[in-house]
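So the chains spell out like this:
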Amino acid sequence: VLELLRAVQRGSEDRKRSLGRLRWALQNKETQQKFVRLDGSIRTLIGIFTSSLADMQMEAARCLHELSHSSDPAVAEACLPVTSYLLTYLSGHSVEFMELCLYTLGNLVVESEAVRKQLLPQGIIPVLASCIQSPHEAVLEGLGYVLSQLLQAKEAPTEIIPLVLDSVLPQHMLRLVCSGLKAGIGAAVEFAWCLHYIVCSHTANAALLSLGALPALTSLLLDLASEIPQDAPEGLELLVCPVLRCLSNLLAEETGCKVQIQDERLLIALFLILQCFLQQHPFIVQECLWLLNNLTADEPFFCSALLSLDLLPALLQLLPCSQMASVLVLTVLCNIAEKGPAYCQQLHRQPALPLLLPTLALPDPEVVGQCLELLHLLFLHWPEAAADFVTQGGHRALEQHQSTPELQERARALLDMVGQPLGASAFRPCHTTLSAFS
């Protein structure tokens, strides 16, 4: 490595070849650490990187890019002097060169807080904002990568996200995500995760909602679901996942935003996505169910729509998928049952009880606990469900949980409920009609 560095410093005729060999050597972790400790090593690379020889510039950029892959913060901090040049070269250069600079920046900000603290006053956010209107997908994807790394930093909520919100980045990110596959799936995925990280900070949701994020992302989800039955491109699940998460988190805010998306097509889209990804990408099931939970938590519209569209059988089929899926399916059913007698009557008409009995036999206290909560709501609002439960042997399933510390109180309460005759005071009378489902 020292010989290669000397050959580069001497400016010999095979300097480009020496840089190429150096780049290859810098793929090794120990070589990276040794290189940055050599006197004048980074300064030499910067000198070539800022020269007027385009081919030499590119080779030096590739060497710096290899260094940026290091997981050693000391290597990243040794590259601090190059950050201002990386920013400068994000305008007016070749697409390949800009892409290289972007990924180098993205790699450096992951490993070093010192690098991030230097880049912010150097104006990285305004520079990235000026790049986001690039027509080149490769540049946009690299830009999304840098932003996603910055937005995951521990100081992002206080130091980075406010700067991003004050720029044109959010509206352009939303535009690029919602253009979906047209802008290239790679760039759309990167910016969708960027929006997700912003939403997770909870400080920016009002700003995103004012930009129309909720209807825009809903429309995108409908478009993506319509693409699925035809010819879904590879990696589509990587875009669907952050879009689902953004919608879920925006709906979790107490902003009254649920009223803005009373569109039953969203439920159909969710179940199409569930059907498509259930086998190959089961993690999407959890994301869909989390959104379904947030849609039905307080809003009767989506509870009614789920029943009227006859989607309940498809929901019940997801019960055995995984522990988390079971909990979320039961939680959605609880959301429906909480809406009152008419909803519980509909649940009772569907084959829900026979499927709940095997669930009660599971060894998972969280799943069983959520199942007990659902039974409590059903029995409370629709006494006929309690009678059927007993005839199907459900009381025996409850009795086995009387000795489980975290479940015994609820199990005994339910046994008391099913032990009472129909119409007893433990049950509320039904006053609600079924017109809500028409």
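- Under an unreviewed UniProt entry, the name given to the protein is Transmembrane and coiled-coil domain-containing protein 6, and the source organism is Eudyptula minor.

**Observations concerning the nonpolar core**
(1) Moving on: By size, the foremost hydrophobic cluster in this structure holds 160 residues, and its most contacted members are F49, L67, M173, F191, L315, L360 and F379.
(2) Moving on: Aside from chain neighbours lying at most four places away, what touches L315 is F271, L289, L292, L306, V329, V332 and L333.

**Focus on the layout of surface pockets**
(1) Moving on: One number sums up the size of the largest pocket: a volume of about 180 Å³.
(2) Moving on: Taken together, I268, F271, L272, L274, Q275, L278, A314, Q317 and L318 make up the lining of the largest pocket.
(3) Moving on: With 5 residues, the single largest contributor to the lining of the largest pocket is helix α18 (residues 265-277).
(4) Moving on: Across the lining of the largest pocket, the residue classes tally to 7 nonpolar, 2 polar and no charged.

**Regarding helix α26 (residues 383-391)**
(1) Moving on: Along α26, the positions that sit buried rather than exposed are P383, A385, A386 and F389. Along the axis of α26, the buried residues cluster in a sector spanning 150°; they form a single face.
(2) Moving on: Tucked into the core, α26 has its buried residues touching α23 (341-349), α24 (352-360), α25 (365-381), α27 (394-399) and α28 (408-418).
(3) Moving on: Of the residues one or two after α26, G393 is the one with positive phi, at around 85°.

**Some thoughts on the pattern of salt bridges**
(1) Moving on: For the coordinates displayed, the defined rule picks out 10 salt bridges.
(2) Moving on: Three or more residues are tied together by salt bridges with common partners; here these are R23, E59, R62 and E96.

**Remarks on the packing of helix α1 (residues 2-10) against helix α2 (residues 15-25)**
(1) Moving on: At a minimum axis separation of 9 Å, α1 and α2 run at an interaxial angle of 150°. Taken as a pair, α1 and α2 cross one another with a handedness that is left-handed. Listed contacts from α2 to L4, A7, V8 and Q9 of α1 are R15, S18, L19, R21 and L22.
(2) Moving on: Among the residues making up the contact of α1 with α2, the classes are represented as 5 nonpolar, 2 polar and 2 charged.

**Some details on the side chain of N249**
(1) Moving on: Checked against the element boundaries, N249 lands in helix α17 (residues 236-252).
(2) Moving on: By relative accessible area, N249 is classed as buried at 17%.
(3) Moving on: Ignoring any residue separated from it by four or fewer positions in sequence, one finds N249 in contact with H196, V199, C200 and N205.

**Quick word on helix α3 (residues 29-37)**
(1) Moving on: Looking at α3, one finds that the buried residues are T31, Q32, Q33, F35 and V36.
(2) Moving on: Elements that come into contact with the buried residues of α3 comprise α1, α2, α4 (41-49), α5 (54-68) and α6 (73-78).
(3) Moving on: Its side-chain oxygen 2.9 Å from the backbone nitrogen of E30, N28 forms the N-cap of α3.

**Things to note about the packing of helix α19 (residues 283-296) against helix α22 (residues 323-337)**
(1) Moving on: Between α19 and α22, the shortest axis-to-axis distance is 9 Å and the interhelical angle comes to 20°. In terms of axis orientation, α19 runs roughly parallel to α22. Considering the relative orientation of α19 and α22, their crossing is left-handed. Residues V285, Q286, L289, W290, L292, N293 and T296 of α19 form the contact with α22, whose participating residues are M324, A325, L328, V329, T331, V332 and N335.
(2) Moving on: Taken together, the residues that form the contact of α19 with α22 break down as 9 nonpolar, 5 polar and no charged.

**Some points on the environment of Y197**
(1) Moving on: With respect to the secondary-structure elements, Y197 resides in helix α14 (residues 185-200).
(2) Moving on: Residues Y197 and A61 lie 136 residues apart in sequence; the distance between their C-alpha atoms is 29 Å.

**Side note on the side chain of S18**
(1) Moving on: In this structure, S18 sits in helix α2.
(2) Moving on: Of the residues examined, S18 reaches a relative accessible area of 4% and is grouped as buried.
(3) Moving on: Excluding anything up to four places from it in sequence, S18 contacts L4, A7 and V8.

**Remarks on empty space enclosed by the protein**
(1) Moving on: Applying the stated criterion across every chain, the model contains 1 cavity of 30 Å³ or more.
(2) Moving on: When its volume is computed, the largest cavity comes out at roughly 40 Å³.
(3) Moving on: When contributions to the lining of the largest cavity are tallied by element, the ones reaching two or more residues are α14, α16 (213-231) and α17.
(4) Moving on: Tallied by class, the residues present in the lining of the largest cavity amount to 8 nonpolar, no polar and no charged.

**Some words on the environment of V109**
(1) Moving on: Positionally, V109 belongs in helix α8 (residues 95-111).
(2) Moving on: When the C-alpha atoms of V109 and E77 are compared, they prove to be 9.9 Å apart, with 32 residues separating the residues in sequence.
(3) Moving on: Sequence-distant contacts of V109, defined by excluding residues within four places in its chain, comprise V115, R116, L119, Q149 and L150.

Reading the values: rules and limits
Residues numbered from 1 in each chain as written. Predicted model: local features only at pLDDT ≥ 70, side-chain atom pairs only at ≥ 80, totals over all residues. Heavy atoms only, no water. Core = buried A, V, L, I, M, F, W, Y, C linked by side-chain atoms within 4.5 Å. Buried < 20%, exposed > 50% of the residue type's maximum accessible area, 1.4 Å probe, protein only. Contact = heavy atoms within 4.5 Å. 1 Å grid on protein atoms, 1.4 Å probe; cavity = no way out; pocket = protein on both sides within 12 Å on 5 of 7 lines; lining within 4 Å. Points joined across faces, edges and corners; volume = space filled by probe spheres on them. Helix = DSSP H or I, 4+ residues; strand = E, 2+ residues; numbered from the N terminus. Nonpolar A, V, L, I, M, F, W, Y, C, P; charged D, E, K, R; others polar. Arc of directions from axis to C-beta. Salt bridge = Lys/Arg side-chain N within 4 Å of Asp/Glu carboxyl O. Axes fitted to C-alpha atoms, helices over the stretch in contact; angles between N-to-C directions. Left-handed = near helix turned anticlockwise from the far one by under 90°. Polar contact = N/O pair within 3.5 Å; in protein donor to acceptor, adjacent residues only side chain to side chain. Parallel < 35°, antiparallel > 145°, perpendicular 65-115°, else oblique.

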